[in-house]
Amino acid sequence: MTTLQTSPPSSAWSRWRGAILAYVLVAPPLLLMVLLIFIPALQSIVRTLTIDVEGQSGFSFSRYVAFFNDPISVSNLVFTFQIVFLTLIIIFIVCFPLAIYLRFAQGRIAAAVQILVLFPLFVPGIILCYALIRFLGTRGTLDTVLSIFGVTEYRTPYLKPDAIIIGLVWESIPFTVLVLTAGLRQISDSLIESARDVGAGDWTIFRRIILPLITRPVLIAFSLNFLGIFGSYTVPYLLGPAAPQMMGVFMQQTFGQYRRPDDAETQAVITFLICSLVGLLYVRTVASQRIQQEDE
Amino acid sequence: MARLDIIHLTKQFGNVLAVNDAGFTVQDSEFMCILGPSGCGKSTLLRMIAGFEAPTSGDMQIDGESVTALPPNKRPTAMVFQKYTLWPHMTVYENIAFGLGLRGLSRAVIDQKVHDSLALVSLSGYETRYPAQLSGGQQQRVALARAIVLEPKILLLDEPFSSLDAILRVRLREELKRIQRRLKITAIFVTHDQEEALSLADRIAVMSGGQIEQIDHPSTIYANPQTLFVADFIGAMNLLKASAQDGVLRLGGKQLTAPNGIQSSDKITIALRPEDLMIVPDGTPDAWKAQVDQVMDLGHYRKILVDVPDVGELKVYVTKSMTVNEGDRVSLLPIRYLIYQNDAAPIEVNRPAAALT
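Note that residues are indexed from 1 along each chain, following the sequence as it is written. Chains carry letters from A onward and ligands carry numbers from 1 onward, assigned in written order. Local features are withheld for residues below a pLDDT of 70 in this predicted model, meaning they are given only at 70 or higher, and side-chain atom pairs are given and counted only at 80 or more; totals for whole chains, interfaces and linings count all residues. Side-chain calculation: all heavy atoms of the structure are included, whereas hydrogens and water are not.

A.B. asks: Tell me about helix α4 (residues 71-104) of chain A, and please be specific about residues and values.
C.D. replies: The terminal C-alpha atoms of α4(A) lie 49 Å apart, and with 34 residues this matches the ideal 50 Å at 1.5 Å per residue to within 8%. Two axes are fitted around each residue, one to the seven residues ending there and one to the seven starting there, and the angle between them is reported as the bend at that residue. Comment: elements are numbered from the N terminus, with helices defined as DSSP H or I runs of at least four residues and strands as E runs of at least two. Maximum bend of α4(A): about 25°, positioned at Cys95(A), with proline Pro97(A) one to four residues after it. Each residue after the first adds 1.5 Å to the expected span of a helix.

A.B. asks: Which residues make up the interface of chain B and chain A, and what values go with them?
C.D. replies: Should any heavy atoms of two residues lie within 4.5 Å, those residues are counted as being in contact. The interface of chain B with chain A comprises 22 residues on the first partner and 17 residues on the second. Summed over both partners, the accessible surface that disappears when two parts come together, traced with a 1.4 Å probe, is what is meant by buried area. Buried area between chain B and chain A, summed over both chains or domains, comes out near 1700 Å², and the portion from carbon and sulfur atoms is 64%. For the chain B face of the interface with chain A, the top three residues by lost area are Asn73(B), Trp87(B) and Phe98(B), together amounting to 31%. Take a side-chain nitrogen of Lys or Arg and a carboxyl oxygen of Asp or Glu: if they are within 4 Å of each other, that pair is a salt bridge. Joining chain B to chain A, the criterion identifies 1 salt bridge. Measuring nitrogen to oxygen at the nearest pair gives 2.6 Å for the salt bridge that ties Arg47(B) to Glu193(A). Two N or O atoms count as a polar contact when they lie within 3.5 Å, although within protein this holds only if one can serve as hydrogen donor and the other as acceptor, and sequence-adjacent residues are included solely when both atoms are side-chain atoms. The interface formed by chain B and chain A contains 9 residue pairs in polar contact (both at pLDDT 80 or more). Contributions of two or more residues to the side of chain B that touches chain A are made by β6 (77-80) and α2 (92-102) of chain B. Among the residues making up the side of chain B that touches chain A, the classes are represented as 13 nonpolar, 5 polar and 4 charged. Three classes are used, and their members are as follows: Ala, Val, Leu, Ile, Met, Phe, Trp, Tyr, Cys and Pro are nonpolar, Asp, Glu, Lys and Arg are charged, and the others, Gly among them, are polar.

A.B. asks: Can you explain unusual backbone geometry? Please cite residues and give values.
C.D. replies: Residue and element names in this part refer to chain A. Following Ala 243, the chain continues to Pro 244 via a peptide bond in cis, the omega torsion being -5°. Along the chain, the position of Pro 244 falls in the loop between α12 (234-239) and α13 (247-256). Located in the positive-phi region is Arg 139, a residue other than glycine, with phi close to 60°. Of note, Arg 139 is situated in the loop between α6 (125-136) and α7 (141-148). Classification of residues uses two cut-offs on accessible area relative to the type maximum, computed with a 1.4 Å probe and protein chains only: under 20% is buried, over 50% is exposed, and between them is partly exposed. For Arg 139, a relative accessible area of 74% gives the class exposed.

A.B. asks: Can you explain the packing of α6(A) against helix α8 (residues 161-185) of chain A? Please cite residues and give values.
C.D. replies: Residues and elements named next belong to chain A. Axes, fitted as lines to C-alpha atoms, cover a helix only where it is in contact. Angles between the N-to-C directions of the axes lie from 0 to 180 degrees. Packing of α6 against α8 leaves a shortest axis separation of 11 Å and a crossing angle of 130°. Taken together, the axis directions place α6 and α8 in an arrangement best described as oblique. Seen along the crossing, α6 lies across α8 with a hand that is right-handed. Seen from α6, the contacting residues are Gly 125, Leu 128, Leu 132 and Leu 136; seen from α8, they are Ile 166, Gly 167, Trp 170 and Glu 171. Angle categories are assigned with fixed cut-offs, so that under 35 degrees is roughly parallel, over 145 is roughly antiparallel, 65 to 115 is roughly perpendicular, and the rest are oblique. Left-handed describes a crossing in which the near helix is turned anticlockwise from the far one by less than a right angle; the clockwise case is right-handed.

A.B. asks: Summarise the environment of Leu35(A); cite the residues concerned and give the values.
C.D. replies: Residue and element names in this part refer to chain A. Note that Leu 35 resides in helix α2 (residues 9-48). Taking the relative accessible area as the measure of exposure, Leu 35 reaches 52% and is therefore exposed. Expressed as a C-alpha distance, the spacing of Leu 35 and Ile 270, which sit 235 residues apart in the sequence, is 21 Å.

A.B. asks: Tell me about the pairing of strand β2 (residues 16-26) of chain B, and name the residues and values.
C.D. replies: All names here are of chain B. Examined bridge by bridge, strand β1 (residues 4-13) and β2 share 7 bridges and lie antiparallel to one another. When the bridges of β2 are listed, Leu 9 appears paired with Ala 22. When DSSP finds at least two bridges between two strands, those strands are taken to pair. Where β1 folds back onto β2 in an antiparallel hairpin, the turn is made up of 2 residues, including Gly 14, whose phi is positive at roughly 60°.

A.B. asks: I'd like a rundown of the sheet that holds strand β13 (residues 254-256) of chain B, residues and numbers included.
C.D. replies: Residue and element names in this part refer to chain B. Across the sheet, which stays open at both edges, the 6 strands sit in the order β13-β12-β11-β14-β20-β21 with antiparallel pairing between neighbours. Edge strands, defined here as strands with exactly one partner in the open sheet, are β13 and β21 (347-350). Here the strands of the sheet are splayed against their neighbours by 35° on average, with no regard to which way each runs. Examined bridge by bridge, strand β11 (residues 238-245) and strand β12 (residues 248-251) share 3 bridges and lie antiparallel to one another. Of the residues in β12, the one forming a bridge with Ala 244 is Leu 249.

A.B. asks: Which residues make up the pattern of salt bridges, and what are the values?
C.D. replies: One pass over the structure, following the stated rule, counts 19 salt bridges over all chains. For Glu30(B), the salt bridge goes to Arg203(B), with nearest N and O atoms at 2.5 Å. With Glu30(B) in the loop between β2 and β3 (31-35) and Arg203(B) in strand β9 (residues 203-208), this pair connects stretches of sequence that are 173 residues apart. The buried category is assigned to Glu30(B), whose relative accessible area is 7%. A cluster of three or more residues bridged by salt bridges with shared partners is formed by Arg47(A), Arg63(A) and Glu265(A).

Here is the structure:
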């Protein structure tokens, strides 16, 4: 017992030292986040909720009331949601078969598909946009090829919502397939084979075994894609219509062209709040995974 | 409850022959073990029977009907896998009911069958647990229940107990045997554990390098291994290099009784079970002088390592009643051995009991 009580003082000291080191390592990114994100964001939120009446500042929702009473603002917000959800649906329709193929297929073709899937990761957004304009635009590559085959009624999606969706889906494929494939690799072959063994066909296996076992990767892909797409700028700016606009383009235009920083700030806070709700979903998903891994 | 015929079954992966022209019949309600070292093709063979691998050539028939072209979900077989076999997002009940639900059975029937099968594996009351809340042994019992509940014609088991600890493995082995006997189900059990195979099987198929070396009753496999591989793989065996010339069998500097029909050769192997070497009184004719190097107490018997000049180190089993100490000089008499020559079936030599007295 005595030896336990007089345990070496160095152990307490080393614990302290460990704690201090941890704080020192965490401090720079934490400070940057507080100084560059939290404080400006908080200031913005406070400003959007403040009103100046005869030199007196007071609390007010008036800026938000104005935003939601302005048909253009509302239509831009609704348009952003529409684009986000349509894009997400198409991403999952495209990426699920790809991920399942990459999880189960072997050989050269699978390796080639893997490289193709990752390719968009290495193409900057702006280059993608101009490539798509050249490819999809009027008298672009697709138009020319179709006309060779006698199809003359080609109507380009360029400057239409469709072009935004095409661009965003293309950009999101590598990340989504990576996350889904990683999730699928966690499912051991014997889980799938035993389902087949008791009589399940492909669709049943997908719906009853695979899908429930990869809800977490799906939620992660959903939330991170949502954040990226909701706040996207380059693709909707270069490929999309002049109106309605997605929130990123709308904010930039309100700020830069109409010179109404106050309104832009309100739009930004609304965008930020919507995104932080989805961010919360992401954090919860990742945290529950951590807890489960520690349990195992 | 069915008969399985394996006919000239071959599986080739690239230029590797995983299973080479396997052919045998598993009788109705028979418990067959496929035994072999890892990589011998035993799992591939089982996976072909289950339908997870397509054979390169050959046929499989259940009750006379070919199942070779059927996918796993259409075969009347059910498989218990090695590990990670239960779906982690489903309860024990849902795991077992999954296959029944696919067959469109009514809820009441499913309920009854799930409860019966859980009772069979002594896990009644575990319906609402998730796999993560069960021990490894309980998980494999649920996996067994999940396979049995579908009333398959043939039950396939791919090393189902290999990830469990020794005591649990023995207990589950006994339980499996009891269930198989009660249901009279035809079962094929793949294992690399010879003790498991010897204790479970009605017949054992020993595999090596994609080939089936021998199919026999456990006692026959042990007593009369037909190939050197089986002799070496099953049980403990002393394998000794020998030569024969003009009807005389030579082992080191010693002569052994050579049976008729032995050909002159210097590529002969003599297989001698440790229990077939007897310690005899000094001066017994034909006995070998040896020195005891090591004595190991193995519970109900003792294993001793002896050094025989010109022959080498041999394993010998002796009863507890016999006092043997390290360093003792003893006389040994081989009372039974098998002579392997030219890949042919071995020649058995039994020393007449009279010679011992």
